[in-house]
Amino acid sequence: MGEMSKLTRFGVSLETNLLAQFDALIEKIGYKSRSEAIRDLIRERLVSEEWKKEDQEVIGILSLVYNHASREVTDLLTRIQHRHLDVVISATHVHLDEHNCLEVIILRGQNALVTKIADELLSTKSVKHGKLIRTTMGQNIS
Ligand code: NI
């Protein structure tokens, strides 16, 4: 993250019940203060706004669970990796059981391209469960 900037205190009004629920949640998670919990919420929202920009550089962590009997996913993975050498920076394969495989792929590049590659894989028929997690290096976030 960027260099430390000066702190500003501000007051927030919210419903007593909502605050009680928030306090219970952050205590359960383990936050030591409301301030840190609120800072993280704000950063999370700002990062998710960055994902909306098509030209933003993002890191995508894509997980795919699929049955290896279908060659669909592995064939597509091979094609995509050869086509986008600079975008697919890592791929790990785990044999989960007799039939199921987990593939974790790390992508780095323009948001629009990372999303397109992930969608192409996620929409493959033999993928039982998959998820794309996007993050950024938060260049524009304090
Ligand atoms: Ni496998």
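The text that follows walks through the structure, step by step, so that each part is easy to find. Every residue gets a number counted from 1 within its own chain, in the order that chain's sequence is written. Residues qualify for local features only when their pLDDT is at least 70, as the model is predicted, and side-chain atom pairs are given and counted only at 80 or more; totals for whole chains, interfaces and linings, by contrast, use all residues. Note: side-chain values were computed over all heavy atoms of the structure, leaving out hydrogens and water.

With that settled, the discussion passes to the overall build of the protein chain. Within the protein chain one finds 4 helices and 4 strands. We count a stretch as a helix when DSSP gives it H or I for four or more residues in a row; a strand needs E for two or more, and each element gets its number in order from the N terminus. For the protein chain, the N- to C-terminal ordering of α and β elements is α-α-β-α-β-β-α-β. The globule rule used here is 2.2 Å times the number of residues to the 0.38 power, and the radius of gyration it is set against is calculated over C-alpha atoms. The C-alpha atoms of the protein chain give 20 Å as radius of gyration, which overshoots the globular expectation for 142 residues (14 Å, by more than 25%). Residues counted as buried form 26% of the 142 residues belonging to the protein chain. Here the accessible surface of atoms and residues is derived via Shrake-Rupley with a 1.4 Å probe, and residues count as covered only by protein chains that are part of the display. Summed over all atoms, the accessible surface of the protein chain reaches about 10100 Å², with 55% contributed by carbon and sulfur. Computing the positive centroid from 19 side-chain charges and the negative centroid from 20, the protein chain places the two 3 Å apart. Exposed residues in this analysis have more than 50% of their type's maximum accessible area, buried residues have under 20%, and partly exposed residues fall in between, with area computed by a 1.4 Å probe over protein chains only. In this tally, Lys and Arg are treated as positive and Asp and Glu as negative; His is ignored, and so are the chain termini. By convention, charge coordinates are those of NZ in Lys, CZ in Arg, CG in Asp, or CD in Glu.

A few words now on the sheet that holds strand S2 (residues 88-95). Whether two strands pair depends on DSSP finding at least two bridges between them. Reading across from one edge, S2-S3-S1-S4 is the order of the 4 strands in this open sheet, with antiparallel pairing throughout. Each having just a single partner strand, S2 and strand S4 (127-135) make up the two edges of the open sheet. On average, each strand axis in the sheet is inclined to that of its neighbour by 15°, with strand direction left out of account. Relative to S4, strand S1 (residues 57-67) runs antiparallel, the two being bridged by 8 bridges. Of the residues in S4, the one forming a bridge with tyrosine 66 is valine 127. For every element, the axis is a line fit to its C-alpha atoms; helices are fit only across the contacting stretch, and the angle between N-to-C directions ranges from 0 to 180 degrees.

Here we come to the pattern of salt bridges. For this document, the term salt bridge refers to a Lys or Arg side-chain nitrogen within 4 Å of an Asp or Glu carboxyl oxygen. Taken as a whole and judged by the stated rule, the model has 6 salt bridges. Note that aspartate 23 and arginine 34 form a salt bridge whose closest N and O atoms lie 2.7 Å from each other. Taken as a pair, aspartate 23 in helix H1 (residues 16-29) and arginine 34 in helix H2 (residues 34-51) lie far apart in primary sequence, 11 residues in all. For arginine 34, a relative accessible area of 40% gives the class partly exposed. For the salt bridge of aspartate 40 with arginine 43, the shortest nitrogen-to-oxygen distance reads 2.9 Å. Residue aspartate 40 and its partner arginine 43 are both found in helix H2; the two are separated by 3 residues, about one turn of the helix.

This part is about the packing of helix H3 (residues 72-83) against helix H4 (residues 111-122). Where H3 contacts H4, the two axes come as close as 10 Å, and the packing angle between them is 165°. The angle between H3 and H4 falls in the class roughly antiparallel. Here H3 and H4 pass one another in a crossing that is right-handed. Where H3 abuts H4, its residues Leu76, Leu77, Ile80 and Arg83 lie against Ile117, Glu120 and Leu121. Tallied by class, residues from the contact of H3 with H4 come to 5 nonpolar, no polar and 2 charged. When an angle is under 35 degrees it counts as roughly parallel; over 145 it counts as roughly antiparallel; between 65 and 115 it counts as roughly perpendicular; any other value is oblique. Here a crossing is called left-handed whenever its near helix is offset anticlockwise from the far helix by less than a right angle, and right-handed whenever the offset is clockwise. Should any heavy atoms of two residues lie within 4.5 Å, those residues are counted as being in contact. Amino acids are sorted into nonpolar (Ala, Val, Leu, Ile, Met, Phe, Trp, Tyr, Cys and Pro), charged (Asp, Glu, Lys and Arg) and polar (every other residue, Gly among them).

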